[in-house]
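# Understanding the architecture of this molecule
Listed here are the chains, written in short residue letters.
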Amino acid sequence: MSDAARVNRNILSIYDRRRIAVYALCLRYAGLALNYFRAQKAAGAYWNNQTGQAAKLMFTDAYMSDNVIGWFMAHGVEYGPYLELANDGAHEAIRPVVQHFVEPFYRELKELY
């Protein structure tokens, strides 16, 4: 194997390891966000949880496709958008939870690069 081929292989290896590290970081923050949401909800934050379904079915996940890696939080109930948008977002949950983790997530992400 030529020197150029070894360098190319090493670059691709470093790139793949970083992609995997970023995906793992996204999985970590998806879990942290869900746990934070549940703790805040148990303390009475956000909307009035009349049936218990909306809070129980809230979920997070990470994704990786091509050059896009990230994590998200979403409702598992059809009326989730109403909970987030009702009363001009006065009782929204997703945005405040995600915003809570923006700075630490970016700080850790920058450490990978």
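Preceding block: the structure.
Residues numbered from 1 in each chain as written. Predicted model: local features only at pLDDT ≥ 70, side-chain atom pairs only at ≥ 80, totals over all residues. Heavy atoms only, no water.

## Observations regarding the pairing of strand β2 (residues 68-74)
For the record, the criterion: Between any two strands, at least two bridges found by DSSP are needed for them to pair. A run of DSSP states H or I qualifies as a helix once it reaches four residues; a run of E qualifies as a strand once it reaches two. Both are numbered from the N-terminal end.
Taken together, the seven bridges between strand β1 (residues 59-65) and β2 define a ladder with antiparallel strand orientation. The partner of Tyr63 across the bridge, within β2, is Gly70. Remark: two residues form the turn of the hairpin made by β1 and β2, two consecutive strands paired antiparallel; Asp66 in that turn has positive phi of roughly 50°.

## Let's talk about unusual backbone geometry
Applied cut-off: Here the term buried applies to any residue with accessible area under 20% of the maximum for its type, exposed to any over 50%, and partly exposed to those in between, with areas from a 1.4 Å probe on protein chains only.
Unlike most non-glycine residues, Tyr46 shows phi in positive territory, near 70°. Take Tyr46: it is sitting in the loop between α1 (3-42) and α2 (53-56). The phi dihedral of Asp88 is positive, around 55°, even though this residue is not glycine. Along the polypeptide, Asp88 turns up in helix α3 (residues 80-89). Look at Asp88 and you get exposed, because its relative accessible area is 83%.

## Some points on the packing of aromatic side chains
The description of an aromatic ring pair rests on the distance of the ring centres and on the angle between the ring planes. Worth spelling out the cut-off: Only the six-membered ring of Trp is used, alongside the rings of Phe and Tyr, when aromatic pairs are assigned; centres must lie within 6.5 Å, and planes under 30 degrees apart are stacked while those over 60 apart are edge-to-face, with the rest tilted. Working rule: Lys NZ or Arg CZ, within 6 Å of ring centre, within 35 degrees of ring normal, means a charge sits over the ring.
Applying the stated criterion to the full structure yields ten aromatic pairs. Between Trp71 and Phe105, the ring centres sit 6.4 Å apart and the planes meet at 75°, which makes this aromatic pair edge-to-face. With a gap of 34 residues between them, Trp71 in strand β2 and Phe105 in helix α4 (residues 94-112) connect regions that are remote in the sequence. Accessibility classification places Trp71 together with Phe105 in one group, the buried group. Between Arg28 and the ring centre of Tyr29, over which it is positioned, the NZ or CZ distance is 5.2 Å. It is Lys41 that lies over the ring of Trp47; its NZ or CZ is 5.4 Å from the centre.

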